[in-house]
Amino acid sequence: MRLRPEDSSGRIDTTADTKTTTSLSRKENKIASGDKDHGSSGRDSENNKAVHLKFDDNSLVSLLCGEHDRYLVHMEKALDISIVLRGNFLSITGPTQAVSAAHSGLQILYDRLSRGLPVDSQEVDAVLRLGPSEEATGGAVDEDLVIRTRKRHISPRSKNQVAYLRAMCGDGLVFALGPAGTGKTYLAVAAAVSRLMKGEIDRVILSRPAVEAGEQLGFLPGDLREKVDPYLRPLYDALHDMMPGNQVVKRMADGDIEVAPLAFMRGRTLSNAFVILDEAQNTTSVQMKMFLTRLGENANMVVTGDLSQVDLPHGTRSGLRDATEILDGVEGVSIIHFDDSDVVRHRLVTRIVRAYGDFEEKTEAGRQYMSSPSPDRPSTSRSKKRERGKRP
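Residues numbered from 1 in each chain as written. Predicted model: local features only at pLDDT ≥ 70, side-chain atom pairs only at ≥ 80, totals over all residues. Heavy atoms only, no water.

1. Describing helix α11 (residues 285-292)
Those residues of α11 that fall on the buried side of the exposure criterion are Met288, Met290, Phe291 and Leu292. Contacts from the buried residues of α11 go to β9 (173-177), β10 (203-208), β12 (273-277), β13 (300-305) and α12 (319-327). (Buried < 20%, exposed > 50% of the residue type's maximum accessible area, 1.4 Å probe, protein only. Helix = DSSP H or I, 4+ residues; strand = E, 2+ residues; numbered from the N terminus. Contact = heavy atoms within 4.5 Å.)

2. Some remarks on the pairing of strand β6 (residues 89-94)
A regular strand carries its side chains on alternate faces of the sheet. Across six bridges, the pairing between strand β4 (residues 48-54) and β6 is antiparallel. Across the sheet, Val51 pairs through a bridge with Ile92, a residue of β6. In this sheet, β6 lies alongside strand β5 (residues 82-86) in antiparallel orientation, the contact comprising five bridges. By the bridge assignment for β6, Ile83 is matched with Ile92. (Pairing = 2+ DSSP bridges.)

3. Regarding unusual backbone geometry
For Asp80, which is not glycine, the phi torsion reads 55° and is therefore positive. Note on placement: Asp80 falls in the loop between α3 (70-79) and β5. With phi around 50°, Asn298 is a residue other than glycine that occupies positive phi space. You can see Asn298 is positioned in the loop between α11 and β13. For Asn298, a relative accessible area of 42% translates into the label partly exposed.

4. Here's the deal with the pattern of salt bridges
Following the criterion strictly, the structure yields ten salt bridges and no others. The closest approach of N and O atoms between Arg268 and Glu258, which form a salt bridge, is 2.7 Å. Within this pair, whereas Arg268 is found in the loop between β11 (257-261) and β12, its partner Glu258 is found in strand β11, the two being separated by ten residues in sequence. Here the salt bridges do not stand alone but share partners, grouping Arg317, Arg321, Asp322 and Glu325 into one network. (Salt bridge = Lys/Arg side-chain N within 4 Å of Asp/Glu carboxyl O.)

5. Quick notes on the pairing of β12
Counted residue by residue, β12 has five buried out of five residues, so it is predominantly covered. Of the two faces of β12, the one carrying Ala273, Val275 and Leu277 and the one carrying Phe274 and Ile276 are both buried. Across five bridges, β10 lies against β12 in parallel orientation. Counterpart to Ser207 in the pairing with β12 is Leu277. Of the pairings in the sheet, the one linking β12 to β13 comprises four bridges and is parallel in character.

6. Description of the environment of Pro95
With respect to the secondary-structure elements, Pro95 resides in the loop between β6 and α4 (96-114). C-alpha separation for the pair Pro95 and Ile81, spaced 14 residues apart in sequence, amounts to 7.3 Å.

7. Details of the packing of aromatic side chains
Applying the stated criterion across every chain, the model contains two aromatic pairs. Ring centres of Tyr164 and Phe338 lie 5.5 Å apart, and the angle between their planes is 85°; this geometry places the pair in the edge-to-face category. Residue Tyr164 is found in helix α7 (residues 159-170), and its partner Phe338 is found in the loop between β14 (333-337) and α13 (347-363); the two are separated by 174 residues along the sequence. This pair shows no difference in class: Tyr164 is buried, exactly as Phe338 is. (Phe/Tyr/Trp six-rings, centres within 6.5 Å; stacked < 30°, edge-to-face > 60°.)

8. Some words on the sheet that holds β14
Strand order in the open sheet made by the six strands is β11-β10-β12-β13-β9-β14, with parallel pairing throughout. Two strands bound the open sheet, and with one partner strand each, they are β11 and β14. Between one strand axis and the next, the sheet turns by 15° as a mean value, whatever way the strands run. Packing against the sheet, helix α8 (residues 184-198) makes contact with β9, β10, β11, β12 and β13, and its axis sits at approximately 165° to β12. (Axes fitted to C-alpha atoms, helices over the stretch in contact; angles between N-to-C directions.)

9. Structural notes on the packing of α3 against α4
For any two helices packed against each other, the geometry comes down to the angle between their axes and how far apart the axes lie. Where α3 contacts α4, the two axes come as close as 10 Å, and the packing angle between them is 150°. By the angle between their directions, the pair α3 and α4 is classed as roughly antiparallel. For α3 against α4, the interelement crossing comes out right-handed. Residues Leu72, Met75 and Leu79 of α3 touch α4, and the partners they reach there are Ala98, Ala101, Ala102, Gly105, Leu106 and Leu109. Split into classes, the residues belonging to the contact of α3 with α4 amount to eight nonpolar, one polar and no charged. (Parallel < 35°, antiparallel > 145°, perpendicular 65-115°, else oblique. Left-handed = near helix turned anticlockwise from the far one by under 90°. Nonpolar A, V, L, I, M, F, W, Y, C, P; charged D, E, K, R; others polar.)

10. Quick word on the confidence of the model for the protein
A low pLDDT score tells you not to read the predicted coordinates there in detail. A residue-level look at the protein finds 71% of positions with pLDDT of 70 or above and a mean pLDDT of 75. Per-element mean pLDDT across the protein ranges from 36 in strand β3 (residues 18-21) up to 96 in β9. Low confidence marks residues 1-45, where pLDDT is under 50. Its contacts with residues over four positions away, or in another chain, come to 91 contacts. Segment residues 213-218 is flagged for pLDDT under 50; beyond a separation of four residues in sequence, or across chains, it makes four contacts in the model. (pLDDT = per-residue confidence, 0-100.)

11. Overview of α12
Every buried residue of α12 is listed here: Gly319, Leu320, Asp322, Ala323 and Thr324. The inward-facing, buried residues of α12 abut β9, α11, β13 and β14. Near the N-terminus of α12, the side chain that reaches the backbone nitrogen of Leu320, with its oxygen 3.2 Å away, is that of Ser318. Of the residues one or two after α12, Gly329 is the one with positive phi, at around 95°. (Polar contact = N/O pair within 3.5 Å; in protein donor to acceptor, adjacent residues only side chain to side chain.)

12. Comments concerning the nonpolar core
Side chains of a nonpolar character, in soluble globular proteins, are inclined to be buried together. Core analysis: the largest hydrophobic core is formed by 37 residues, its most contacted members being Tyr164, Met168, Val189, Leu206 and Phe274. Elements represented by at least two residues in this core include exactly α7, β9, α8, β10, α9 (224-242), α10 (245-254), β11 and β12. Broken down by element, this core gets its largest block of residues, eight residues, from α8. In this view, Val189 contacts Leu206, Leu235, Ala238, Leu239, Met242 and Ile276; residues no more than four positions away in its chain are not counted. (Core = buried A, V, L, I, M, F, W, Y, C linked by side-chain atoms within 4.5 Å.)

Pasting the structure below:
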């Protein structure tokens, strides 16, 4: 497929130019073109599809390929294809589906660069994860789904992230459930900061239950803010990634951005605000109901959590699970489920999440805890013993 600059609108015009490679192997193609054989698999190239691309801007092509063509090498290894670069021409050879994914991904990345947005290895992973579907191109091209903040431009990196951003644009209450590293909190903070900068809301409220992750930290020194800061540090980190540090301090001092523990939400009405409850799997049912009923006029609420990492006392049912079961199907409420394929951190995190998921499914670890309101409580077993003792 050739990309030509004839379109006066500035967008890339595409025309088909596809052929079947039968005479040269993948390695021979690279040798014939004078390029290195990056990650050659030794696969026979018979019946492989070959697609050719021509890009208009050589400076963008160098950014598209990365230093020492590392982005192209990454695509080759991920899709088991061959990519040959000659000037501003790219030739992609491999199985039809893989070639289509690489072709779509390169188009998306080039379009991103042409709009002044950066490309890095995570963006390359994102376009490969999205694939050559309509939602993939929508995730990268649809301006409504690109969040612009003072320091970064953020776009979705998986299909579930696309659905998540669309839900935050259209629904008053959004639940985001899934493993660590899927962007649940980060995208919510980005959406909140963007709306605050546009003047669509008056304040951003970030909340989190003060529950230790399996440790007893005891009493922390300092005033209220100093006591809760360790629990809310991930939210601060996300804020500083979106805004300059002095702006974060100023807006927090002015009350435009408020960070508060969940325990101090009772009795409040949160209007003209974007409210985020992070780590919601550590709320009780009573706390969750209290928090959800704080929603006021012109306000959006996002609740994030991972039901596989509950730190509540044994036998206490998570309020997040209760809320998603009770509110499923209610108009104006969206529930987005992320999985290990949405993890956008280090690739090893995806493997860790997947390995733990396989282990828990195999051993049924935690299944009874999350589905039963009070599993295996000692008091229950003692009461059964007393009942057996009373029988004649």
